[in-house]
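A look at the structure
One letter stands for each residue in the lines below.
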Amino acid sequence: NAGVTQTPKFRVLKTGQSMTLLCAQDMNHEYMYWYRQDPGMGLRLIHYSVGEGTTAKGEVPDGYNVSRLKKQNFLLGLESAAPSQTSVYFCASRDGDYGYTFGSGTRLTVV
Amino acid sequence: SQKIEQNSEALNIQEGKTATLTCNYTNYSPAYLQWYRQDPGRGPVFLLLIRENEKEKRKERLKVTFDTTLKQSLFHITASQPADSATYLCALPANQAGTALIFGKGTTLSVSS
């Protein structure tokens, strides 16, 4: 039982490049989330999904897109990376009102 | 919108003492509140959930209280150990529907031996 797996773990992008972060969970959870964590800012919600085929905007959605084509996967896309998107990205999933299960994070640097 | 304040960025205590961390929220009383632990370079790990009709919840050396009048939750670690050193995050529903959580900025606890 792997829980929540994020790939890649580290990535350096040049300004303007695009990339996709992959989140996979094997717990059959309905809800999935993407957060970013920056020093002094805490965890901020980017986008989330309440089920397969659904997505919704969180607190800081600009510059990101998401897709949930399969229940177990939640993809986060950056179409044109900017230095302000340098951050640690965490994916999480949950079932019901219980606690979230987080992945180990993706450390992204945009230069 | 709901806002969370964890009013201590850092807390330093001696081994064996009780650590008390505070979480305050500003708007409507949430249906539940959660606490997480985060170690450097790792994702947060869920510790406890307390519902609005529960005054107190315990798990081993951890105790959480929830006071909807004060709009506050207290998180206690008794008989603290150096291994308890980490950042502790408070979280609660971002909206009445409870579809997502918002997190406080966390309190970093350091337990010295």
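In this report, the structure presented in the accompanying data block is examined.

Analysis parameters
- Residues numbered from 1 in each chain as written.
- Chains lettered and ligands numbered in written order.
- Predicted model: local features only at pLDDT ≥ 70, side-chain atom pairs only at ≥ 80, totals over all residues.
- Heavy atoms only, no water.
- Helix = DSSP H or I, 4+ residues; strand = E, 2+ residues; numbered from the N terminus.
- Rg over C-alpha atoms; globule rule 2.2 N^0.38 Å.
- Areas by Shrake-Rupley, 256 points an atom, 1.4 Å probe, with all protein chains shown as cover.
- Lys, Arg positive; Asp, Glu negative; His and termini not counted.
- Charge placed at Lys NZ, Arg CZ, Asp CG, Glu CD.
- Salt bridge = Lys/Arg side-chain N within 4 Å of Asp/Glu carboxyl O.
- Buried < 20%, exposed > 50% of the residue type's maximum accessible area, 1.4 Å probe, protein only.
- Pairing = 2+ DSSP bridges.
- Contact = heavy atoms within 4.5 Å.
- Buried area = accessible area lost by both parts, 1.4 Å probe.
- Polar contact = N/O pair within 3.5 Å; in protein donor to acceptor, adjacent residues only side chain to side chain.
- Nonpolar A, V, L, I, M, F, W, Y, C, P; charged D, E, K, R; others polar.
- Phe/Tyr/Trp six-rings, centres within 6.5 Å; stacked < 30°, edge-to-face > 60°.
- Core = buried A, V, L, I, M, F, W, Y, C linked by side-chain atoms within 4.5 Å.

With that settled, the discussion passes to the overall build of chain B. The number of helices and strands found in chain B is 0 helices and 11 strands. Walking chain B from its N terminus toward its C terminus, one meets helices and strands in the order β-β-β-β-β-β-β-β-β-β-β. For a compact globule of 113 residues, the expected C-alpha radius of gyration is about 13 Å, and chain B comes in at 14 Å, within 12% of that figure. Principal axes of the C-alpha set define a box for chain B whose edges measure 45 × 30 × 20 Å. Of the roughly 5600 Å² of accessible surface on chain B, a fraction of 46% belongs to carbon and sulfur atoms. Positive and negative side-chain charges in chain B, numbering 13 and 10 respectively, have mean positions lying 2 Å apart.

A word on the pattern of salt bridges. Residue and element names in this part refer to chain A. For the structure on display, the rule yields 7 salt bridges over all chains. For Lys71, the salt bridge is made with Glu30, and the minimal N-O distance between the two is 2.9 Å. Of the two residues, Lys71 sits in the loop between β7 (64-67) and β8 (73-78) while Glu30 sits in the loop between β3 (19-25) and β4 (31-38), which places them 41 residues apart along the sequence. Given a relative accessible area of 31%, Glu30 falls into the partly exposed group. Residues Arg36 and Asp38 are paired through a salt bridge, measuring 2.9 Å at the closest nitrogen-oxygen approach. For the pair shown, Arg36 and Asp38 are each scored as buried. Beyond isolated ion pairs, a larger network of salt bridges with shared partners links Arg36, Asp38 and Arg44.

Residues and elements named next belong to chain B. If you trace the 5 strands from one edge of the open sheet to the other, you get β1-β3-β8-β7-β6, paired in antiparallel fashion. Edge strands, defined here as strands with exactly one partner in the open sheet, are β1 (4-5) and β6 (56-59). Of the strand pairs in this sheet, β6 and strand β7 (residues 62-67) are connected by 4 bridges, and their pairing is antiparallel. Along β7, the bridge assignment pairs Glu56 with Thr65.

Taken together, the contact between chain B and chain A spans 18 residues of the former and 20 residues of the latter. Taken together, both faces of the contact between chain B and chain A bury some 1500 Å²; the carbon and sulfur share is 54%. Counting the contacts that link chain B with chain A gives 8 residue pairs in polar contact (both at pLDDT 80 or more). Among the elements of the structure, β4 (32-38), β5 (45-51) and β10 (101-103) of chain B are those that each provide at least two residues to the side of chain B that touches chain A. For the side of chain B that touches chain A, the element with the most residues is β4(B), which contributes 4 residues. A breakdown of the residues in the side of chain B that touches chain A according to their chemical character gives 9 nonpolar, 6 polar and 3 charged.

This part takes up the packing of aromatic side chains. Enumeration according to the criterion identifies 17 aromatic pairs over all chains in this entry. Each ring, one from A:Phe102 and one from B:Tyr36, has its centre 5.9 Å from the other, and the planes form 90°; the classification is edge-to-face. Taken together, the residues span two chains, with A:Phe102 in strand β10 (residues 101-102) and B:Tyr36 in strand β4. Note on accessibility: A:Phe102 and B:Tyr36 belong to one class, buried. When the ring of B:Tyr25 is compared with that of B:Phe66, the centres are 6.2 Å apart and the planes differ by 70°; the resulting orientation is edge-to-face. Remark: B:Phe66 occurs in strand β7 and B:Tyr25 occurs in strand β3 (residues 19-25); sequence separation between them is 41 residues. Its relative accessible area of 3% is what places B:Phe66 among the buried residues.

Our focus in this paragraph is the nonpolar core. Counting residues in hydrophobic clusters, the biggest one holds 23 residues, and the most contacted among them are B:Leu33, B:Trp35, B:Phe75, B:Ile77, B:Tyr88 and B:Leu109. Ignoring any residue separated from it by four or fewer positions in sequence, one finds B:Leu33 in contact with B:Cys23, B:Tyr25, B:Leu48, B:Leu49, B:Ile50, B:Phe66, B:Ser73, B:Cys90, B:Ala91 and B:Leu92. Of all hydrophobic cores here, the second largest spans 19 residues; its members include A:Phe74, A:Leu76, A:Leu108 and A:Val110.

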